Amino acid sequence: MFQLKVLQFILFVALLYNSRACQDKAEEQKQLDWWQTAEFYQIYPRSFMDSDGDGIGDLKGITSKLQYLKDIGVTAVWLSPIFTSPMVDFGYDISDFYGIQPEYGTIEDFRDMIEKANELDLKIILDFVPNHSSTENEWFKKSVKRERGYEDFYVWHDGKLDASGNRIPPSNWLSGFRGSAWQWNEERQQYYLHQFAVQQADLNYRNPLVVQQMKRVLRYWLDQGVTGFRVDAMALLFEVNMDANGQYPDEEVSGLTDDKDDRNYLKMDLMENQPESIDMVYQWHEVMQNYQSVNGGDTRVLLIETYAPPAYSMQMYGNATTEGAELPFNFNLITEIGKSGMSARSIESGVSNWLSNMPAGRTANWVIGNHDQRRVSTRYGVRNIDAMNMLVMMLPGASITYQGEELGMLDGDITWDDSVDPAACNSNPDIYKQFTRDPARTPFQWSADKNGGFSTAAKTWLPMAPDYETINVATESAASNSHLKIYKSLVQLRKSSKTLQQGSYKYQALNDNVFVLERYLAGEDTLVFVANFGEGSYSANIVSNFDNSLPVSMNVKIASLASTKYANAPLSTNSISLAGGEAVILGTK
């Protein structure tokens with residue numbers, strides 16, 4: 001009997017130990033990595049801050065404004081390309097992947113920026129543009145001459161003959177900047193592929209030497225102190241391989257447009273979303289992991305640009321045996337609203353299509369704007385800017401803010417004569433506004449001073465948006481309330497709330513206009529976001545129509561700028577009256 005009791009006691013202690021070990025493990029799992037709840041902030045360097053009065057933003061300008069980013073709660077700063085470039089596509093046509101564009105500064109300026117960012121505990125993310133290079137790149141020049149090791153560095157093809165014996169492009173593939181994606185090179189006597197401008201030649205990732213070279217680029221900039229990369233146009237990295245006869249098949253017509261020069265004229269199933277591109281993400285993730293293993297420090301991250309369907313995008317996260325990117329960018333709040341229009345139901349669809357497809361254990365992220373899209377206030381309406389910023393801060397995972405969204409900046413007014421974006425310039429004065437990205441790239445608005453405090457130049461590279469005297473950092477900082485102050489409050493709430501860091505979620509479109517999102521965590525404050533994305537007023541009962549476990553009264557934490565609600569005031573959850581564009585965040589504590 002005594003021996004039995006001893007055995008039972010030992011078993012009890014072992015079970016207790018294992019139980020505590022499991023609890024400790026659970027606690028460890030709750031310790032999220034820095035990027036999982038980060039506020040990423042995109043800077044378009046050409047338009048952020050000009051330090052030398054030439055009308056163009058630069059690295060010293062960025063360094064001088066890092067304190068502003070720290071003050072508003074940014075975790076990591078993503079810079080659009082700063083590499084040496086002829087600037088045909090403003091940095092997305094790179095002639096030297098290891099160099100700094102001279103009008104932006106020098107490598108010493110870059111290192112100074114890294115040093116300042118480190119002092120402020122800000123992380124720097126660079127734009128990695130792997131799909132193509134400038135035709136001014138030495139690699140391309142060597143490939144044209146078929147120099148050893150560079151013969152197949154790019155996607156070359158002889159083309160084919162038409163019925164009359166004339167040489168024509170290898171396929172009907174179209175460029176993202178209009179017209180054929182194939183360009184004849186007279187010296188080499190072959191066509192090369194360019195999915196963007198003629199001056200942006202596609203690299204050939206079926207060549208192992210290209211793969212090695214681009215991994216070398218990643219390691220170089222990691223050595224310079226960056227914490228990761230946003231990867232441009234990832235889904236275009238590989239196109240379908242040639243058939244047994246060495247030919248590329250034609251794309252099918254999409255039926256979406258009658259404009260035969262518009263890329264959307266074709267389905268683009270052969271030029272995008274190939275399985276090899278996903279494998280390349282996995283290879284680059286391994287580069288990042290190996291670098292951290294050797295050098296220590298925080299996790300180096302990959303943020304992937306992909307507008308692909310969920311079944312493809314979700315593979316970027318990795319699979320059962322292989323780790324992938326930390327964050328394949330989620331553009332659902334852009335694309336779903338773009339298809340269906342601004343409504344609570346389109347927002348619900350955008351949120352659901354990501355969260356319901358995301359693999360278990362992965363981290364969500366939310367993007368509402370960038371340098372390729374019209375500004376948030378322009379697309380969604382000025383009255384909805386606070387609601388959209390609230391939404392991305394309340395949803396689980398990381399948020400991405402494009403410069404100026406915290407201010408509610410609107411599109412600039414860009415005429416045909418002002419246009420510099422190749423997507424627009426390759427069209428004509430009658431249709432350029434369908435394609436231009438210039439309106440979202442106008443200089444950042446720091447103050448009501450000349451050129452919005454961006455530059456002392458007589459003329460900036462793009463004209464200032466006409467409202468810079470009223471929508472700017474100085475004005476909104478001095479105001480009793482503003483979009484900027486609401487944004488800062490949102491970030492502060494997110495950083496301080498365990499509910500937002502680790503909590504569960506529930507969401508619903510109550511009708512076409514009103515969207516509700518709840519975040520909850522045992523023992524912590526329950527938070528509820530309620531927004532009216534319609535134009536008219538609406539009274540919402542979020543207890544009977546959404547969650548009957550909510551208390552009948554909750555306190556206002558944050559309200560949109562034009563809201564009649566004010567912070568710390570109690571609000572009846574049985575009847576929340578919201579004007580068009582009004583949004584609030586409520587808490588139980």
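Let us now look at the packing of aromatic side chains. For the coordinates displayed, the defined rule picks out 37 aromatic pairs. An aromatic cluster is present here, built from Phe97, Trp139, Phe140, Tyr150, Phe153, Tyr154, Trp156 and Tyr192 joined pairwise through their rings. Sitting over the face of the ring of Tyr380, Arg379 holds its NZ or CZ atom 4.8 Å from the ring centroid.

Below, the discussion takes up unusual backbone geometry. Its identity as a non-glycine residue notwithstanding, Arg146 has a phi of 60°, on the positive side. Within the secondary structure, Arg146 sits in the loop between α5 (138-144) and β7 (156-157). Even without a glycine there, the phi angle at Gln189 is positive, about 65°. Along the polypeptide, Gln189 turns up in the loop between β10 (182-185) and β11 (190-193).

Successive side chains on a regular strand alternate, one facing one side of the sheet and the next facing the other. Counting buried positions along strand β25 (residues 583-587) yields five of five residues, so the element is predominantly enclosed. Here β25 shows no split at all, with Ala583, Ile585 and Gly587 on one side and Val584 and Leu586 on the other all buried. As judged from the five bridges shared by strand β20 (residues 527-532) and β25, these two strands associate in the antiparallel manner. Following the sheet pairing, Val528 is matched in β25 by Leu586. As judged from the four bridges shared by strand β22 (residues 553-559) and β25, these two strands associate in the antiparallel manner. If you follow Ala559 over to β25, its bridge partner there is Val584.

Another point: the confidence of the model for the protein. Counting all residues, the mean pLDDT for the protein is 94, and 95% of those residues have values of 70 or more. Counted against residues more than four places away or in other chains, residues 9-29, with its pLDDT under 50, gives zero contacts.

Glancing now at the side chain of Asn365. Residue position: Asn365 is located in strand β16 (residues 365-367). From its side chain, Asn365 meets the backbone oxygen of Pro328 in a polar contact 2.9 Å long. Contacts of Asn365, omitting those with residues within four sequence positions, involve Tyr317, Leu327, Pro328, Phe329, Asn330, Trp354, Ala398 and Ile400.

All right, on to the pattern of salt bridges then. If you walk through the whole model with that rule in mind, you get 25 salt bridges. As a salt-bridge pair, Arg230 and Glu305 come within 3.2 Å of each other at their nearest N and O atoms. Of the two residues, Arg230 is situated in strand β13 (residues 228-231) and Glu305 in the loop between β14 (301-304) and α8 (310-313); the sequence distance between them amounts to 75 residues. According to the relative accessible area criterion, Arg230 is buried, its value standing at 2%. The shortest N-O distance in the salt bridge between Glu582 and Lys565 comes to 2.9 Å. Linking Glu582 in the loop between β24 (576-578) and β25 with Lys565 in the loop between β22 and β23 (570-572), this pair joins segments that are 17 residues apart in sequence. Comparing Glu582 with Lys565, the two get one shared label, buried.

The rules behind the values
Residues numbered from 1 in each chain as written. Predicted model: local features only at pLDDT ≥ 70, side-chain atom pairs only at ≥ 80, totals over all residues. Heavy atoms only, no water. Phe/Tyr/Trp six-rings, centres within 6.5 Å; stacked < 30°, edge-to-face > 60°. Lys NZ or Arg CZ within 6 Å of the ring centre and 35° of its normal. Helix = DSSP H or I, 4+ residues; strand = E, 2+ residues; numbered from the N terminus. Buried < 20%, exposed > 50% of the residue type's maximum accessible area, 1.4 Å probe, protein only. Pairing = 2+ DSSP bridges. pLDDT = per-residue confidence, 0-100. Contact = heavy atoms within 4.5 Å. Polar contact = N/O pair within 3.5 Å; in protein donor to acceptor, adjacent residues only side chain to side chain. Salt bridge = Lys/Arg side-chain N within 4 Å of Asp/Glu carboxyl O.

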